[in-house]
Amino acid sequence: MPMSTKFSRRDFLKIGALGLSSLAFKPVYNYGELLDGNDLIRITTESNSVYSQPDEESTIKFQHYRDDVLHVYDEVVSDKKPFTNKVWYKVWGGYVNSTYTQKVRASLNQVNTALDGTTLHPAEITVPYTQSYLQRVAGEWTQLYRLYYSSTYWVTQVVEGPDGQPWYRIKDDMLKIDSLDYYVPAQHVRLIPDNELTPISAGVSADKKKVEVSIDQQELTAYEDSVVVLKTKISSGLDYHPLNEIAWDTPRGTFYVQNKMFSKHMGGGQLSTDLEAYILPGVSFVSFFEPDLGVAFHGTHWHTNFGNRMSHGCINMRTDEAKWLFRWLMPAADMTQMSTIGYGTKVIVY
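Not measured: the values here are computed from a predicted model. (Residues numbered from 1 in each chain as written. Predicted model: local features only at pLDDT ≥ 70, side-chain atom pairs only at ≥ 80, totals over all residues. Heavy atoms only, no water.)

### Overview of the overall build of the protein
- A tally of regular secondary structure across the protein gives two helices and 25 strands.
- Oriented by its inertia axes, the alpha-carbon framework of the protein measures out at about 60 × 55 × 45 Å.
- Taken across its 350 residues, the protein has 49% of its residues classed as buried.
- Accessible surface, the protein: about 16,700 Å² in total, of which carbon and sulfur atoms supply 50%.
- Computing the positive centroid from 33 side-chain charges and the negative centroid from 40, the protein places the two 2 Å apart. (Helix = DSSP H or I, 4+ residues; strand = E, 2+ residues; numbered from the N terminus. Buried < 20%, exposed > 50% of the residue type's maximum accessible area, 1.4 Å probe, protein only. Areas by Shrake-Rupley, 256 points an atom, 1.4 Å probe, with all protein chains shown as cover. Lys, Arg positive; Asp, Glu negative; His and termini not counted. Charge placed at Lys NZ, Arg CZ, Asp CG, Glu CD.)

So this is what it looks like as structure tokens:
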């Protein structure tokens, strides 16, 4: 769920200090032999063990760490406990459980040099990860967030980046100050054409569409009348009730979609390069349906443990399915602006 952020004088001093302490700019990693390769995964957690067998009780051979990119040689389903996710990947040296991995590609894109600097263009990252930078003053750049494969953003402009190559300027919904727009290598970003985001079943009336979410089954079902048009596993909120904080479990009841955002900065809005911080810019295809806590359906690029509770309250979905649902749910998204507000599709969580 999103959290609001305000920036104080202290915040600006901190980010200025980051700029002064930055090392010389490192060349952009363009993934070489991984380009357009299949069967790649990215490690999405601080560390992930490689086991001798697809079994948590087998010997741990070594570790991989956040953002390591691995070749997958086979996919294995194992009934060994205690892992709730039975899918394992055979990688060099052994097996990795798929829970905290993301299937990725490494594709470079043609740069659009005609952006006017004001129009919002929907875009997605097409490499395992890319590094964003702030431009504090002319000629001075400092690292900010790492952006991940399939996460989505609003691009406004193309500029000469710190390496002399074209970089895209990103408008972040949480960082509302123009000076906090950040930049990424343009080749790492695909501008999404209009026809990929047009509404689905736009001719079906609002009262004919409905979504049901079963917390016990960790399953989502979308209906047009009585016809099932999508049925899939999801990850709802964890059954966790921290002291003096909002519970993480997904609220049950009847709701209506009321706000849709192609891209949403969730978690904290700190200006930080800490990869372990709860900072999630570019969460994709977000459809809010609960007004008080900001609970939404959205894409997920940090785990693949669908069918098990994982979130802080939202409904985590596979990104391609969240995209389909985003297009299908009402109100239809206005892709000329960051947010579309309106009384939309009924959602029943039980």
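More follows now that the structure is in view.
### Things to note about the side chain of N316
- Secondary-structure assignment places N316 in strand β23 (residues 315-317).
- For N316, the residues in contact, after removing those within four places along its chain, are I234, S235, H298, T300, W302, H303, F306, M310 and S311. (Contact = heavy atoms within 4.5 Å.)

### Some thoughts on the sheet that holds strand β1 (residues 40-43)
- Overall, antiparallel pairing links the three strands, which are arranged β4-β1-β8 in an open sheet. Each edge of the open sheet carries a strand with a single partner, namely β4 (69-71) and β8 (101-104). Direction aside, the axes of adjacent strands within the sheet are offset by 35° on average. (Pairing = 2+ DSSP bridges. Axes fitted to C-alpha atoms, helices over the stretch in contact; angles between N-to-C directions.)

### Examining the sheet that holds strand β17 (residues 219-224)
- Taken together, five strands build an open sheet; the order of strands is β18-β17-β16-β25-β19 and the sheet is mixed. The sheet is open, and its two borders are formed by β18 (227-233) and β19 (253-256), each paired with just one other strand. If you compare each strand with its neighbour and ignore which way they point, the axes differ by 20° on average.
- In the sheet, strand β16 (residues 209-214) pairs with β17 via six bridges, with the strands oriented antiparallel. Note that in β17 the partner of K210 across the bridge is Y223.

### Digging into the pairing of strand β13 (residues 166-171)
- The pairing of strand β12 (residues 152-160) with β13 spans six bridges and is antiparallel. When the bridges of β13 are listed, V155 appears paired with I170.
- In textbook terms, the turn of a hairpin is the stretch between consecutive antiparallel strands, and for β12 and β13 this stretch comprises five residues, one of which, G164, has a positive phi near 85°.
- Sheet analysis places β13 next to strand β14 (residues 182-185), joined by four bridges and oriented antiparallel. Counterpart to Y168 in the pairing with β14 is V184.

### Some points on the nonpolar core
- Counting 30 residues, the largest nonpolar core has V211, V213, L220, F289, F297, M317 and L325 as its most contacted members.
- Sorting the residues of this core by element identifies β16, β17, β21 (279-290), β22 (295-299), β23, α2 (319-328) and β25 (346-349) as the ones contributing at least two each.
- With four residues, α2 is the largest single contributor of residues to this core.
- Filtering out sequence-adjacent residues up to four positions away, F297 remains in contact with V211, V213, L220, F285, V286, S287, F289, I315, M317, L325, L329 and V347.
- L40, L144, L175 and V184 belong to the second-largest nonpolar core, a separate cluster that totals 25 residues. (Core = buried A, V, L, I, M, F, W, Y, C linked by side-chain atoms within 4.5 Å.)

### What about the side chain of S78?
- Its place among the elements puts S78 in the loop between β5 (74-77) and β6 (87-91).
- Within the local environment of S78, its side chain forms a polar contact with the backbone oxygen of P54, the two atoms lying 2.8 Å apart.
- Within polar-contact distance, the side chain of S78 engages the backbone nitrogen of K80 at 3.2 Å.
- What S78 contacts, discounting residues up to four positions off in sequence, is P54, K86 and W88. (Polar contact = N/O pair within 3.5 Å; in protein donor to acceptor, adjacent residues only side chain to side chain.)

Honestly, it's all geometry; don't read function into it.
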